[in-house]
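# Results of the structural survey
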Amino acid sequence: MSNFELVLKLLLQLTVILATCRVVTIIGRRYLGQTDVVCEMIAGVMLGPSMLGLLAQDWQQWLFPKAPIALDAATKIPHPSMSILFAISQIGLVIYMFLIGLEFNTDLIKKRLKSAVLVSSAGILAPFTLGAIAAVLLYDKGELFTPGVKPWAAALYLGASMSITAFPMLARMLYERDIAKTTFGTLALAAGSIDDASAWCLLAIVLASIHNSGSIAALAIGGGIGYLLFVIFVGRPALTVFTHLTKRDDGVTVQTLILVLMVLMLCAWFTDAIGIYAVFGAFILGTAMPRGEFVDGIREKIESLTISLLLPVFFVFSGLNTQIGLVNTPQLWAITAVIVAIAILGKGLACMLAARWAGENWRESATIGALMNSRGLMELIILNIGLEQGVITPTLFTIMVIMAIVTTLMASPLVALLLPDSNY
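Predicted model, so just to flag it, every value in this text is computed and none were measured.

### Things to note about the overall build of the protein
Within the protein one finds 18 helices and 2 strands. Here the C-alpha radius of gyration of the protein, 21 Å, is about what a compact globule of 424 residues would show, namely 22 Å. If one aligns the C-alpha atoms of the protein with their principal axes, the spans along those axes are about 65 × 60 × 50 Å. Intrachain contacts of the protein at a sequence separation of at least 6 include 80% that bridge at least 24 residues. Accessible surface computed for the protein: about 18,400 Å², of which carbon and sulfur atoms make up 68%. In the protein, which carries 25 positive and 25 negative side-chain charges, the distance between the mean positions of the two groups comes to 5 Å.

What follows is the structure, encoded as structure tokens:
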């Protein structure tokens, strides 16, 4: 496929993605009470094999080709068209999480650190324990784990995958409701970020255990702590240069914006390289940026394009991997129901009770539980890792994706019910 053909297909893909997201968002927000992020996730599933693939399989495969290209009998590479979409989606996610970091009020979290740690700990320990128990009980119930994977390894992986939170979705829900800057919103963001950072470190330990490589876990945990300390004690003072540049130039210039993007991409690259995922490098950098006129200028220049173009590509690209049709027997649907129930009890209920124990009122506690219970596309990432690493089968992958969809769909209506006004 020539470069010209790739560009033509990319333009058509973006047109279809934006049009589908817009239509689904209008319907979802008006009639189903869903936020943009959930609607874009549904749009991705609709454009994948689960819906469009059933209605027009040949056209869906032509527009979003999943089959790799064979260079020879022994070498295959991902289709370049999808590789381009993947790269765009990751850039959009990184920039968006940087914007969320800019909204993060670090002064508020100092007063809520104990609550955030308590909620995130409950959001890790409870679902991990229930997931590990479920893996042991379901180990011989169908083809869920790849042959050769030990029961203890299966338990560790399923427990870790149950512990994940859809941090980008949680952040966007809070942002769309204009409560990201509140004390409650900051607590939810802090708990979600600590939860997911811990879950990714836990995943690194699991993969290290499976592959007998301690270097994977050491790099993720040690590198993550080192990056955080560096940003706090070295990066934060150094980044004040952007305040001086903004005042000197009477606003954020193109040159300043380019410099910010350079630093952002470097931080995202580092945290992705050490195994914690790029979004946390971007988010932590955003929290360390100087506030005031500089932040307002940065948001004005990059927010609209990121939310309207780049971010929908991320959600749609991830939704293209969902194949609901793989769960096609009563036994598999029963297992799916058990997994969904365990997910809700282990994550939503545990975080709600932890928040209440930390001193939040019941409404705030239930809202935090609903937000933390949403797995979304971060779950898809950890599931793809398990599939690529040969830990789980496509069947269990699909079951876990259904669980992620159900828990994510629950979040928006519950939050809308618990927080009826956006000025909470």
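On we go.
### A short note on the environment of Val38
By the secondary structure assignment, Val38 is in helix α2 (residues 36-47). Each C-alpha atom, one on Val38 and one on Met173, is 9.2 Å from the other, the two residues being 135 residues apart in sequence. Those residues in contact with Val38 that lie beyond four places of it in its chain are Met173, Thr408, Leu409 and Ser412.

### Quick word on the state of the cysteines
Tallying each qualifying case throughout the model produces 0 disulfides. A disulfide-free cysteine, Cys21 has its sulfur positioned 9.1 Å from the sulfur of Cys39, the nearest such atom. Judged by relative accessible area, Cys39 falls into the buried class, the value being 1%.

### Comments concerning the environment of Leu158
Tracing the chain through its elements places Leu158 in helix α7 (residues 151-162). With relative accessibility at 2%, the residue Leu158 sits in the buried group. Considered as a pair, Leu158 and Pro127 are 31 residues apart in the sequence and their alpha carbons are 9.4 Å apart.

### Here we look at the pattern of salt bridges
A side chain of one charge can pair with a side chain of the opposite charge when the charged atoms of the two come close. Taken as a whole and judged by the stated rule, the model has 2 salt bridges. Between Arg248 and Asp249 there is a salt bridge, with the nearest N and O atoms lying 3.1 Å from each other. A salt bridge links Arg299 to Glu303; the nearest nitrogen and oxygen atoms lie 2.4 Å apart. Of the two residues, Arg299 and Glu303 are both situated in helix α14 (residues 293-319); the distance of 4 residues between them amounts to about one turn of the helix.

Parameters and conventions
- Residues numbered from 1 in each chain as written.
- Predicted model: local features only at pLDDT ≥ 70, side-chain atom pairs only at ≥ 80, totals over all residues.
- Heavy atoms only, no water.
- Helix = DSSP H or I, 4+ residues; strand = E, 2+ residues; numbered from the N terminus.
- Rg over C-alpha atoms; globule rule 2.2 N^0.38 Å.
- Contact = heavy atoms within 4.5 Å.
- Areas by Shrake-Rupley, 256 points an atom, 1.4 Å probe, with all protein chains shown as cover.
- Lys, Arg positive; Asp, Glu negative; His and termini not counted.
- Charge placed at Lys NZ, Arg CZ, Asp CG, Glu CD.
- Disulfide = S-S within 2.5 Å.
- Buried < 20%, exposed > 50% of the residue type's maximum accessible area, 1.4 Å probe, protein only.
- Salt bridge = Lys/Arg side-chain N within 4 Å of Asp/Glu carboxyl O.

Read these as spatial facts, not as claims about activity.
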